[in-house]
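# Residue-level structural notes
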Amino acid sequence: QQQVKQSPQSLIVQKGGISIINCAYENTAFDYFPWYQQFPGKGPALLIAIRPDVSEKKEGRFTISFNKSAKQFSLHIMDSQPGDSATYFCAASRVETSGSRLTFGEGTQLTVNP
Amino acid sequence: EAQVTQNPRYLITVTGKKLTVTCSQNMNHEYMSWYRQDPGLGLRQIYYSMNVEVTDKGDVPEGYKVSRKEKRNFPLILESPSPNQTSLYFCASRYGTSSSPLHFGNGTRLTVT
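Conventions adopted
Residues numbered from 1 in each chain as written. Chains lettered and ligands numbered in written order. Predicted model: local features only at pLDDT ≥ 70, side-chain atom pairs only at ≥ 80, totals over all residues. Heavy atoms only, no water. Helix = DSSP H or I, 4+ residues; strand = E, 2+ residues; numbered from the N terminus. Rg over C-alpha atoms; globule rule 2.2 N^0.38 Å. Areas by Shrake-Rupley, 256 points an atom, 1.4 Å probe, with all protein chains shown as cover. Lys, Arg positive; Asp, Glu negative; His and termini not counted. Charge placed at Lys NZ, Arg CZ, Asp CG, Glu CD. 1 Å grid on protein atoms, 1.4 Å probe; cavity = no way out; pocket = protein on both sides within 12 Å on 5 of 7 lines; lining within 4 Å. Points joined across faces, edges and corners; volume = space filled by probe spheres on them. Nonpolar A, V, L, I, M, F, W, Y, C, P; charged D, E, K, R; others polar. Contact = heavy atoms within 4.5 Å. Buried area = accessible area lost by both parts, 1.4 Å probe. Salt bridge = Lys/Arg side-chain N within 4 Å of Asp/Glu carboxyl O. Pairing = 2+ DSSP bridges. Axes fitted to C-alpha atoms, helices over the stretch in contact; angles between N-to-C directions. Disulfide = S-S within 2.5 Å. Buried < 20%, exposed > 50% of the residue type's maximum accessible area, 1.4 Å probe, protein only.

### Examining the overall build of chain B
- Across its full length, chain B holds 0 helices and 11 strands.
- The order of α-helices and β-strands along chain B, N terminus first, is β-β-β-β-β-β-β-β-β-β-β.
- A globule of 113 residues ought to have a C-alpha radius of gyration of about 13 Å, and chain B, at 13 Å, matches this closely.
- If one aligns the C-alpha atoms of chain B with their principal axes, the spans along those axes are about 40 × 30 × 25 Å.
- For chain B, the exposed area adds up to about 5300 Å²; of that, 50% sits on carbon and sulfur atoms.
- Each charge class in chain B can be summarised by its mean position, and for the 13 positive and 9 negative side chains these summaries are 5 Å apart.

Below, the structure is given as structure tokens:
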């Protein structure tokens, strides 16, 4: 059972455009929602994360929007650059449980054309 | 340099031949975990460890074993590999707090023929 559903599976954007990746979760106990970025041949690395007490978090060109009532959150990449081309994973977990497992979405392969 | 080191990076083996993928971290992290990455399925957790001598099953533990005898090492053992275990494997570690970022190794691509 996939508790975190991610879309689209792949995304092609022109340089300077906005990339949007969406995730939906089922478990209302989740209270920590990170995004990981993975370049070819490398392991994923934390990009940005949000807790459900805020509806938006911005770090540079990357923004997470969070909708608790809809159980959805999304990653927006403004002014997308070719260097942003990577696979992006959303994830969710429960912070209170120290052994809490991070449940990942299926991943989105982003290509930014020059 | 703070890192998670996996070895080997690539491994081709035959069905039934026992193998071990090593993982070591130098950040004194309490938590370590193994994931497999398959197209369209994302990252699925195999096993995790909260600390030395403490391990637990993840979402897809069948066919795998782990051990945590030292804090820095967390090897993944496939005692009788099968073709459906062909995948890209990642080891990761973090501090004990669940909101601490996971640090991943660079992966081990395993092919079982």
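There is more to say after this.
### Some details on the layout of surface pockets
- Taken as a whole, the largest pocket spans an internal volume of roughly 620 Å³.
- Lining the largest pocket are 32 residues, and of these Gln-38 and Thr-87 of chain A together with Gln-37, Leu-88 and Arg-109 of chain B sit closest to its centre.
- Of all the elements in the fold, those that place two or more residues in the lining of the largest pocket are strand S9 (86–92) and strand S11 (108–113) of chain A together with strand S4 (31–38), strand S9 (87–94) and strand S11 (108–112) of chain B.
- The element that contributes the greatest number of residues to the lining of the largest pocket is S11 of chain B, accounting for 4 residues.
- In terms of residue class, the lining of the largest pocket is built from 10 nonpolar, 17 polar and 5 charged.

### Regarding the interface of chain A and chain B
- On the side of chain B, 24 residues touch chain A, which itself brings 23 residues to the contact.
- Together chain A and chain B conceal approximately 1800 Å² of surface at their shared face, both sides included; 52% is due to carbon and sulfur atoms.
- Between the two partners, chain A and chain B, sit 1 salt bridge.
- Linking Asp-59 of chain B and Arg-101 of chain A is a salt bridge whose minimum nitrogen-to-oxygen distance equals 2.6 Å.

### Structural notes on the sheet that holds strand S7 (residues 62–67) of chain A
Residues and elements named next belong to chain A.
- Reading across the sheet, the 5 strands line up as S1-S3-S8-S7-S6 and stay open at both edges, with antiparallel pairing between neighbours. The strands lining the two open edges of the sheet, one partner per strand, are strand S1 (4–7) and strand S6 (56–59). Shown here is a sheet whose adjacent strand axes are inclined to one another by a mean of 15°, direction ignored.

### Re the state of the cysteines
Residue and element names in this part refer to chain B.
- Across all of its chains, the model carries 2 disulfides over all chains by this definition.
- Disulfide pairing is shown between Cys-23 and Cys-91; the S-S distance is 1.9 Å. Classification of the bridge connecting Cys-23 and Cys-91 rests on its S-S torsion, roughly -75°, and on that basis the disulfide is left-handed. Placement of the pair is Cys-23 in strand S3 (residues 19–25) and Cys-91 in strand S9, with a sequence separation of 68 residues.
- By relative accessible area, Cys-23 is classed as buried at 2%.
- On the accessibility criterion, Cys-91 (0% relative accessible area) is buried.

### A word on the pairing of strand S5 (residues 42–51) of chain B
Residue and element names in this part refer to chain B.
- When you tally the buried positions in S5, you get 8 out of 10 residues, the bulk of the element.
- Pairing of S4 with S5, which is carried by 7 bridges, proceeds in the antiparallel orientation. Looking across to S5, one finds that Tyr-35 is bridged to Gln-45.
- Count of turn residues in the S4/S5 antiparallel hairpin: 3 residues, of which Gly-40 carries a positive phi of about 80°.
- With 4 bridges connecting them, S5 and strand S6 (residues 54–57) associate as antiparallel partners. Looking at the pairing, Tyr-47 lines up with Lys-57 of S6.
- Linking S5 to S6, which pair antiparallel, is a turn of 2 residues; within it Glu-53 sits at a positive phi near 70°.

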